[in-house]
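Structural characterization, general
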Amino acid sequence: MEQGIQPLNPIAVDLGPITVHWYGLIIGLGVLLGLFIAVREAERRGLDKETFIDVILFAVPAAIICARIYYVFFQWDYYSQNPGQIIKIWEGGIAIHGAIIGSVLTGYIFSKVKKISFWKLVDIAAPGLLIGQAIGRWGNFMNQEAYGGEVSRSFLESTLHLPDFIVNQMYINGVYHHPTFLYESLWNLAGVVLLILIRRTSLRTGEIFLSYLIWYSIGRYFIEGMRTDSLMLTENLRIAQVISIASIAAAILIWIYRRKTGQSAKKYLES
């Protein structure tokens, strides 16, 4: 390693039979903070705060399972030969798009069972989802994954002005890399601020969540293009970029359809 640089230890606690990875702790922190934000807004919007505590009990396991299934599916050539690795999610390898799919499906089923508005539910949840994703990217940082192409140390230090602990962790396989985990984390944090601001405007029910999909997908499309460890559909086609384009198009079409049919007649603040 250059100048004796050593990566950060991905294990937070090692008690012999019990090993706790930073990856899991950081994702857990993201979930808790996202839940806190959603519960606060739910109370403000007249929903029982227990609603999001209940839904999170189902949504988190579903999100993790779907995220892992999504990742394993697109890496089946490897996992079919190494089935014992499939359950090792603490080593990384969960796809956010899979987690979003699992969370949204769970939210939809939950809303039908509890007879509450799905769109109101996901509108309230959207900023919390995004902050959970922002924090979760630091789990990738600890595992030295979700990084970009080669750069110089001076670029990280002098151009991006990053602290040494980030610069050193971006030294992987003998070269420095773009901290794309950080780019996405910051993009998501900016999105949280945006969503909190626009939900005070005249946007209608469902449009906060659709704004979340559009914002996240725009950032993910461009940042994904910088990564070197993307899941690939073909040799030159990145799965996350395809999903991002599809998500943007779907969100816009749903937005227009709901407006034209009157399904989003109520404003978010009135729902």
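Basis of the calculations
Residues numbered from 1 in each chain as written. Predicted model: local features only at pLDDT ≥ 70, side-chain atom pairs only at ≥ 80, totals over all residues. Heavy atoms only, no water. Salt bridge = Lys/Arg side-chain N within 4 Å of Asp/Glu carboxyl O. Helix = DSSP H or I, 4+ residues; strand = E, 2+ residues; numbered from the N terminus. Buried < 20%, exposed > 50% of the residue type's maximum accessible area, 1.4 Å probe, protein only. Axes fitted to C-alpha atoms, helices over the stretch in contact; angles between N-to-C directions. Parallel < 35°, antiparallel > 145°, perpendicular 65-115°, else oblique. Contact = heavy atoms within 4.5 Å. Nonpolar A, V, L, I, M, F, W, Y, C, P; charged D, E, K, R; others polar. Left-handed = near helix turned anticlockwise from the far one by under 90°. Core = buried A, V, L, I, M, F, W, Y, C linked by side-chain atoms within 4.5 Å.

**Some points on the pattern of salt bridges**
On inspection of all chains with the given rule, the structure shows ten salt bridges. As a salt-bridge pair, Asp164 and Arg153 come within 3.8 Å of each other at their nearest N and O atoms. Highlighted residues: Asp164 in helix α7 (residues 164-169) and Arg153 in helix α6 (residues 153-159), separated in sequence by eleven residues. Among the residues examined, Asp164 registers a relative accessible area of 47% and is labelled partly exposed. A salt bridge links Arg227 to Glu224, with the nearest nitrogen and oxygen atoms 3.5 Å apart. Assigned by exposure class, Arg227 and Glu224 land together as buried.

**Details of the packing of helix α5 (residues 118-143) against helix α9 (residues 207-224)**
In contact at an axis separation of 7 Å, α5 and α9 are set at 25° when each is read in the N-to-C sense. Considered as vectors, α5 and α9 are oriented roughly parallel to each other. Contact residues: α5 offers Trp119, Val122, Asp123, Ala126, Leu129, Leu130, Gln133 and Arg137, while α9 offers Glu207, Ile208, Phe209, Leu210, Tyr212, Trp215, Tyr216 and Arg220. Tallied by class, the residues present in the contact of α5 with α9 amount to eleven nonpolar, one polar and four charged.

**Comments concerning the packing of α5 against helix α8 (residues 180-198)**
Where α5 meets α8, the axes come as close as 8 Å, and the angle between the chain directions of the two elements is 165°. With respect to each other, α5 and α8 are oriented roughly antiparallel. Along this stretch, α5 crosses α8, giving a crossing that reads as left-handed. Seen from α5, the contacting residues are Ala126, Pro127, Leu130, Ile131, Gln133, Ala134, Arg137, Trp138, Asn140 and Phe141; seen from α8, they are Phe181, Leu182, Glu184, Ser185, Asn188, Leu189, Gly191, Val192, Leu195 and Ile196.

**Notes on the side chain of Ser111**
Take Ser111: it is sitting in helix α4 (residues 96-114). Owing to a relative accessible area of 2%, Ser111 belongs among the buried residues under this scheme. Those residues in contact with Ser111, other than ones at most four positions away along the chain, are Ile116, Ser117, Phe118 and Leu121.

**Some details on the nonpolar core**
Core analysis: the largest hydrophobic core is formed by 49 residues, its most contacted members being Phe52 and Tyr212. Looking at this core, the elements with two or more residues in it are α1 (22-44), α2 (50-74), α4, α5, α7, β4 (171-172), α8 and α9. The element that contributes the greatest number of residues to this core is α5, accounting for eleven residues. Not counting chain neighbours up to four residues away, the residues in contact with Tyr212 comprise Ile100, Ala126, Leu129, Leu130, Gln133 and Leu195.

Functional significance is not addressed by these values, which are geometric in nature.
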